[in-house]
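Observations on the model geometry
For reference, the chains in residue letters:
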Amino acid sequence: MSKAEITAICNQKGGTAKTTTAVNLGVGLADEGKKVLIVDMDPQASATICLGFPRPDFLEKTVADMMDKVILDEPIASKEGILHHDEGVDLMPSNISLSGMEVSLVNAMSRESVLRQYLDTVKRDYDHILIDCSPSLGMLTVNALAAADNVIVPVQAQYLSAKGLEQLLGTVNKVKKQINPKLKIEGILLTMVDSRTNNSREIANLIRETYGGKLKVYETDIPRSIRAAEMSVEGQSIYKHDPNGKVAEAYRNLTKEVIASAEKRRKHQLSQLR
Ligand code: ADP
Ligand code: MG
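Here is a short report on the structure shown in this document. (Residues numbered from 1 in each chain as written. Chains lettered and ligands numbered in written order. Predicted model: local features only at pLDDT ≥ 70, side-chain atom pairs only at ≥ 80, totals over all residues. Heavy atoms only, no water.)

Its place among the elements puts Y118 in helix α5 (residues 114–120). Note: C-alpha distance between Y118 and P223 (105 residues apart in sequence) is 35 Å. Setting aside residues no more than four positions away along its own chain, Y118 makes contact with M66, V70, I76, E80, I82 and M92. (Helix = DSSP H or I, 4+ residues; strand = E, 2+ residues; numbered from the N terminus. Contact = heavy atoms within 4.5 Å.)

One non-glycine residue with positive phi stands out, namely A45, at about 60 degrees. Residue classification places A45 among the buried positions, given a relative accessible area of 1%. (Buried < 20%, exposed > 50% of the residue type's maximum accessible area, 1.4 Å probe, protein only.)

In contact at an axis separation of 10 Å, helix α6 (residues 139–147) and helix α7 (residues 162–178) are set at 55 degrees when each is read in the N-to-C sense. Relative to α7, α6 is oriented oblique. α6 and α7 meet at a crossing whose hand is right-handed. Two secondary-structure elements touch here, α6 through V142, L145 and A146 and α7 through T171, V172 and V175. Per-class residue counts for the contact of α6 with α7 are 5 nonpolar, 1 polar and no charged. (Axes fitted to C-alpha atoms, helices over the stretch in contact; angles between N-to-C directions. Parallel < 35°, antiparallel > 145°, perpendicular 65-115°, else oblique. Left-handed = near helix turned anticlockwise from the far one by under 90°. Nonpolar A, V, L, I, M, F, W, Y, C, P; charged D, E, K, R; others polar.)

What follows deals with the pairing of strand β7 (residues 184–191). The buried fraction of β7 is high, at 7 of 8 residues. One ladder, built from 7 bridges, connects strand β6 (residues 150–156) with β7; its direction is parallel. Among the inter-strand pairings, I152 is bridged to a residue of β7, identified as G187. Viewed along the sheet, the connection from β6 through α7 into β7 turns out right-handed. (Pairing = 2+ DSSP bridges. Right-handed = clockwise from strand over helix to strand, strands pointing away.)

Before going further, it helps to spend a moment on helix α11 (residues 246–273). Compared with an ideal rise of 1.5 Å per residue, which puts 28 residues at 40 Å, α11 spans 41 Å between its outermost C-alpha atoms and is within 8% of the ideal. Regarding α11, the residues found buried are V247, A248, A250, Y251, L254, T255, E257, V258, I259, S261, A262 and R265. (Expected span 1.5 Å × (residues − 1).)

Let us now look at helix α1 (residues 18–31). For α1, built from 14 residues, the straight-helix expectation of 20 Å at 1.5 Å per residue is met to within 8% by its first-to-last C-alpha distance of 20 Å. Burial analysis of α1 places 12 of its 14 residues in the buried class, which makes it a mostly covered element. Listed as buried for α1 are K18, T19, T21, A22, V23, N24, L25, G26, V27, G28, L29 and A30.

The next thing to look at is the environment of L254. Summarising the element assignment, L254 is placed in helix α11. Residue L254 is classed as buried on the basis of its relative accessible area, which comes to 0%. For the pair L254 and D221, spaced 33 residues apart in sequence, the C-alpha to C-alpha distance is 8.0 Å. Among all residues touching L254, those that are not within four sequence positions of it are T21, L25, L189, Y218 and T220.

Turning to the nonpolar core, a few remarks are in order. V39, L115, L119, I131 and L190 are the most contacted members of the largest nonpolar core, which has 54 residues in total. Aside from chain neighbours lying at most four places away, what touches V39 is V63, M92, L115, L119, I129, L130, I131 and D132. Grouped together as the second largest cluster of nonpolar side chains are 31 residues, L29, I38, A228 and I238 included. (Core = buried A, V, L, I, M, F, W, Y, C linked by side-chain atoms within 4.5 Å.)

The full count for this structure, using the stated rule, is 0 disulfides. The structure places no disulfide on C10, whose sulfur is separated from the nearest cysteine sulfur, that of C133, by 4.1 Å. Note on C10: relative accessible area 0%, which makes it buried. (Disulfide = S-S within 2.5 Å.)

Turning next to the site of ligand 1. G15, T19, T20, P223 and S225 are the nearest of the 15 residues found near ligand 1. For ligand 1, an oxygen atom lies 2.9 Å from a polar atom in the side chain of K18. For ligand 1, the protein covers 79% of the area, taking 560 Å² as the surface of the free molecule. For the shell around ligand 1, the elements supplying multiple residues, two or more each, are α1 and α9 (226–231). The biggest single contributor to the shell around ligand 1 is α1, with 3 residues. Tallied by class, the residues present in the shell around ligand 1 amount to 6 nonpolar, 7 polar and 2 charged. (Near = heavy atom within 4 Å. Polar contact = N/O pair within 3.5 Å; in protein donor to acceptor, adjacent residues only side chain to side chain. Areas by Shrake-Rupley, 256 points an atom, 1.4 Å probe, with all protein chains shown as cover.)

This is how it looks when you write it as structure tokens:
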């Protein structure tokens, strides 16, 4: 029986390719034989739309309903509300009703761990759970961080904001200290990299220097391509939309990096058990 590694894909800035990364890393992992659940934690529901459900407001059950059940202490049926995409990933969708959750959570008991309690009911069915976060550091994102083992931070290299990154690291550290001691930043992913300007290595080095080598920057960066921008409205991954393109290749490489470091962690944990 597998127990999923839970990864939050998180950056409070909009448009850094969180959703694009959640979808394509998710499908990439499924292509490698992993069981994957993508959890849409953005009321804008981009991941839900991206994965072929263009009218999320008509969905009968979403992550907000699952969180409501946790809050009301109602039972959740096996696979309840989970959708399937034909490229091999499962989806816990969202829609605009999730925006009301910020308010419902205020009066909920253990309000930071509502999502974690939901994921506890499904994580035995998966190898990887990817949480596509909303562009904020509010309660929805705190719930994602409280549930996660690690965080991937997609950063648009051209607009790297040191202050934004500081804020995010501050929130991650606070959650780590107060709620979820095992939480770790898995890595920074440079996205929408323009090959013509070719400064992504400089930015990667800058991040490494600034954080004293403590933050990993993935070897793979994701190039900018119009084909990736088209993908989001097609209801399919980049591997289907532009299989031989450079973005598909990059997400395949990222998938391999993510699997390799998950393997490394697993081996380390096993060696500590001995
Ligand atoms: P976020 O979830 O962080 O807001 P998205 O994944 O929705 O970011 O991406 C923001 C926009 O950039 C979308 O329109 C998306 O299609 C586009 N995009 C994402 N990755 C790329 C890429 N590699 N090249 C070009 N456009 C991209
Ligand atoms: Mg998004």
